Amino acid sequence: MRIHIYHTNDIHSNYDFLKKVHGYLRDHKRENDFYFDSGDYTDLKNIIVQADQGRSAMEMLMSCGLDGMTLGNNEVDMGYEAVAELVSQNAPMIVANVTDNEDSPIPKMPASKIYVRAGKRFLVIGIAPFYKEDMTPSGYNVFSMMGNLKFHPPVELVRKELDNNQGNYDFCILLSHSGCIIEEEIRKELPEVDLF
């Protein structure tokens, strides 16, 4: 049986585009398929996001059949309270490398999740951007920490999730908002990950 993975990222509150995503997934996504988003979905430039800190925007994304997402740098622009509220409202965010400024995890936000599709177990791990495009570490924390959210180096935290779930999955997918250049570097250190 085939499993299709549908993926978006950097929608940046372009809800006209989301309307196309919704129609396409309604017509194509099947029971064993996945739909993931890799962040920068909610952008404060849109009044819908400003009005209720992303709750209505997240409901629209979830209506597309979203299975999981990670955070981009735009989600953290909303700050800790807004992100924590979205998670508490069952937004399927998966992020291994984000805490508050005191290094405490965000309640109810898992670092990884195991999905079963067509009899196979998929470990999905999410990471938010830690490196800038030139591999500068902690490049986004200058802004995110103003909103009480802190990004951490991802490789050790991904490896921890792989170790914690050893024997419990068949394939591993990494959802990342880091960008292709960074992900190529991360991939070298994490050959156990099947799909970035």
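My aim in this report is to walk through the structure given alongside it, one point at a time. (Residues numbered from 1 in each chain as written. Predicted model: local features only at pLDDT ≥ 70, side-chain atom pairs only at ≥ 80, totals over all residues. Heavy atoms only, no water.)

Overview of unusual backbone geometry
Then, number 1: Unusually for a residue other than glycine, Asp-10 sits at a positive phi of about 55°.
Then, number 2: Structurally, Asp-10 is set in the loop between β1 (5-8) and α1 (15-28).
Then, number 3: One non-glycine residue, Asp-40, adopts positive backbone phi at about 60°.
Then, number 4: In this fold, Asp-40 is placed in the loop between β2 (34-37) and α2 (47-52).
Then, number 5: On the basis of relative accessibility, which here comes to 3%, the residue Asp-40 falls in the buried class. (Helix = DSSP H or I, 4+ residues; strand = E, 2+ residues; numbered from the N terminus. Buried < 20%, exposed > 50% of the residue type's maximum accessible area, 1.4 Å probe, protein only.)

Structural notes on the nonpolar core
Then, number 1: With 50 residues, the main nonpolar core has Tyr-35, Tyr-41, Leu-71, Met-93 and Leu-162 as its most contacted residues.
Then, number 2: Elements with a minimum of two residues in this core: α1, α3 (55-62), α5 (80-88), β6 (120-127), α7 (154-164), β8 (171-176) and α8 (180-189).
Then, number 3: It is α5 that provides the largest number of residues to this core, a total of six residues.
Then, number 4: When near neighbours in sequence (up to four residues on either side) are disregarded, Leu-162 contacts Leu-123, Ile-125, Tyr-169, Cys-172, Leu-190, Glu-192 and Val-193. (Core = buried A, V, L, I, M, F, W, Y, C linked by side-chain atoms within 4.5 Å. Contact = heavy atoms within 4.5 Å.)

Considerations on α8
Then, number 1: Looking at α8, one finds that the buried residues are Ile-182, Glu-183 and Ile-186. Taken around the axis of α8, the buried residues stretch over an arc of 95°, which confines them to a single face. In α8, those exposed residues whose orientation departs by more than 90 degrees from the buried face are Cys-180 and Lys-188. (Arc of directions from axis to C-beta.)

Some thoughts on the environment of Gly-126
Then, number 1: Residue placement: Gly-126 occurs in strand β6.
Then, number 2: A relative accessible area of 0% places Gly-126 in the buried class.
Then, number 3: Separated by 120 residues in the primary sequence, Gly-126 and Tyr-6 place their C-alpha atoms 16 Å from one another.
Then, number 4: Ignoring sequence-local partners within four residues, the contact set of Gly-126 consists of Thr-70, Ile-94, Val-95, Ala-96, Asn-97, Ala-111 and Leu-175.

Brief notes about α1
Then, number 1: In a regular helix each residue adds 1.5 Å, so 14 residues correspond to 20 Å; α1 covers 20 Å between its end C-alpha atoms and thus fits that length.
Then, number 2: Of the positions making up α1, those classed as buried are Tyr-15, Leu-18, Val-21, Gly-23 and Leu-25.
Then, number 3: The inward-facing, buried residues of α1 abut β1, β2, α2 and α3. (Expected span 1.5 Å × (residues − 1).)

What about the pattern of salt bridges?
Then, number 1: Applying the stated rule across the entire model yields seven salt bridges.
Then, number 2: Close ionic contact of Arg-26 with Asp-27 constitutes a salt bridge, the shortest N to O distance being 3.4 Å.
Then, number 3: Residue class for Arg-26 comes out exposed when judged on its relative accessible area of 57%.
Then, number 4: As a salt-bridge pair, Asp-170 and Arg-121 come within 3.2 Å of each other at their nearest N and O atoms. Taken together, the positions of Asp-170 in the loop between α7 and β8 and Arg-121 in strand β6 put the pair 49 residues apart, joining distant regions of the chain.
Then, number 5: Residues joined in a network through salt bridges with shared partners are Lys-29, Asp-67 and Arg-117. (Salt bridge = Lys/Arg side-chain N within 4 Å of Asp/Glu carboxyl O.)

Considering the pairing of β2
Then, number 1: Covered by surrounding structure in β2 are Phe-34 and Phe-36 together with Tyr-35 and Asp-37, the residues of both alternating faces.
Then, number 2: Alignment of β1 against β2, held across four bridges, turns out to be parallel. Opposite Ile-5, over in β2, you have Phe-34 as the bridge partner.
Then, number 3: After leaving β1, the chain enters α1 and then returns to the sheet as β2, a path that is right-handed.
Then, number 4: Where β2 lies against strand β3 (residues 68-69), two bridges are found, and the strand directions are parallel. Each residue of the ladder has a partner; that of Phe-36, found in β3, is Gly-68. (Pairing = 2+ DSSP bridges. Right-handed = clockwise from strand over helix to strand, strands pointing away.)

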